[in-house]
Amino acid sequence: MKNKISFKIFAILLVTALALGLMLSLAACNKDGERFGKDVRFGVNNEKLDFMGTTNEGGTIGFIEELALDMDQTYFEFKKDGTVHGQIQTREDLFEILDDVLGLLSQYFGVDISDFSSIDLSQWFSSYVDPMFPGFSDKLKDGDLAGALELVHQSLGFNIVGMDMSKPEFKAVVKEVGETGMLNVQSLLDCIPSDTVLKLTMDWNYYIRTVKGADGKEQKAIYVGDDVAANYKQTQPFAIFTMTEGKKRELILRIEFMKITLALIEA
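This section reports on the structure supplied with the text. (Residues numbered from 1 in each chain as written. Predicted model: local features only at pLDDT ≥ 70, side-chain atom pairs only at ≥ 80, totals over all residues. Heavy atoms only, no water.)

## Re the pattern of salt bridges
Right, on to step 1. This structure, assessed with the given rule, holds five salt bridges.
Right, on to step 2. A salt bridge links R41 to E77, with the shortest nitrogen-to-oxygen separation between them at 3.8 Å. Note that R41 is positioned in strand 1 (residues 40–44) and E77 in strand 3 (residues 75–78), a separation of 36 residues in sequence.
Right, on to step 3. On the accessibility criterion, R41 (32% relative accessible area) is partly exposed.
Right, on to step 4. Among the residues examined, E77 registers a relative accessible area of 15% and is labelled buried.
Right, on to step 5. For D93, the salt bridge identified is with R91, shortest N-O distance 2.8 Å.
Right, on to step 6. What makes D93 partly exposed here is its relative accessible area of 24%. (Salt bridge = Lys/Arg side-chain N within 4 Å of Asp/Glu carboxyl O. Helix = DSSP H or I, 4+ residues; strand = E, 2+ residues; numbered from the N terminus. Buried < 20%, exposed > 50% of the residue type's maximum accessible area, 1.4 Å probe, protein only.)

## Some thoughts on the side chain of T196
Right, on to step 1. Locating T196 in the fold gives a position in the loop between helix 8 (185–190) and strand 8 (199–212).
Right, on to step 2. The exposure class assigned to T196 is buried, which follows from its relative accessible area of 4%.
Right, on to step 3. Of the polar contacts made by the side chain of T196, one reaches the backbone oxygen of P193; its length is 2.9 Å.
Right, on to step 4. Leave out the neighbours within four places in its chain, and T196 touches T90, R91, E92, F95 and G162. (Polar contact = N/O pair within 3.5 Å; in protein donor to acceptor, adjacent residues only side chain to side chain. Contact = heavy atoms within 4.5 Å.)

## Looking at the environment of K248
Right, on to step 1. With respect to the helices, strands and loops of the structure, K248 is situated in the loop between strand 10 (241–244) and strand 11 (250–255).
Right, on to step 2. Excluding residues that lie within four positions of it along the chain, K248 makes contacts with I265 and E266.

## Focus: the side chain of T74
Right, on to step 1. With respect to the secondary-structure elements, T74 resides in the loop between helix 2 (60–68) and strand 3.
Right, on to step 2. Overall, T74 belongs to the buried group, its relative accessible area being 6%.
Right, on to step 3. Of the polar contacts made by the side chain of T74, one reaches the backbone oxygen of D70; its length is 2.9 Å.
Right, on to step 4. Side-chain polar atoms of T74 contact the backbone nitrogen of Q89, separated by 3.2 Å.
Right, on to step 5. Among residues more than four places away in sequence, those in contact with T74 are G43, V44, Q87, I88 and Q89.

These results come straight from atomic positions and should not be treated as a statement about function.
This is the structure we're talking about:
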């Protein structure tokens, strides 16, 4: 049953995570902007979330969250020191009940990766990953996923924690991916212990500014970024959270060319 999973959901989560990291790392910030007066945590707002047309209509996103994620440990926290920490964490028992989870995803989404015994990543590596993170593929060929991910961490502020990447069987799978460019999902899943809890973390700086929208009205926006943040006058931001005030503050990030809307609401 482990060879059944929603390939669409897998692809959406992978592409979104990388795209979001790239967008936010390139977004310009004004160092003269404001910060929150205290640490503020935002959770995911399912009602306004949209991943390439996958919305919460009929409870779809909520269903996936309930199956796979610990939503109490999935959030973005904007801190008064000007940093923002985001994380997405799996359920503690996800890999214990993986057979059931993958079976339900296959049943409800109708995609069986037995039709995709391996996923060809070679073109993706050569066209996108290696130019952005020189040495990434070489690290994989050495079986060093931790080293490859560290290149991403240093560049985009992303990290993955919770898994022992030094085990020989895991390094062998990674080395095979590096040498062939093919990701065998089944082999990867077989290397993950049942008590594993994975966490994708994101750490950046942020500034709040008052901007004018297309309608001429002023609104709050949160600019997120690191090295290029200081050069806001020379760069054009294209990934900015807009913030609306109400009973609870809401944040919206739209990535138009990917048709993705990331929606957060104050916890």
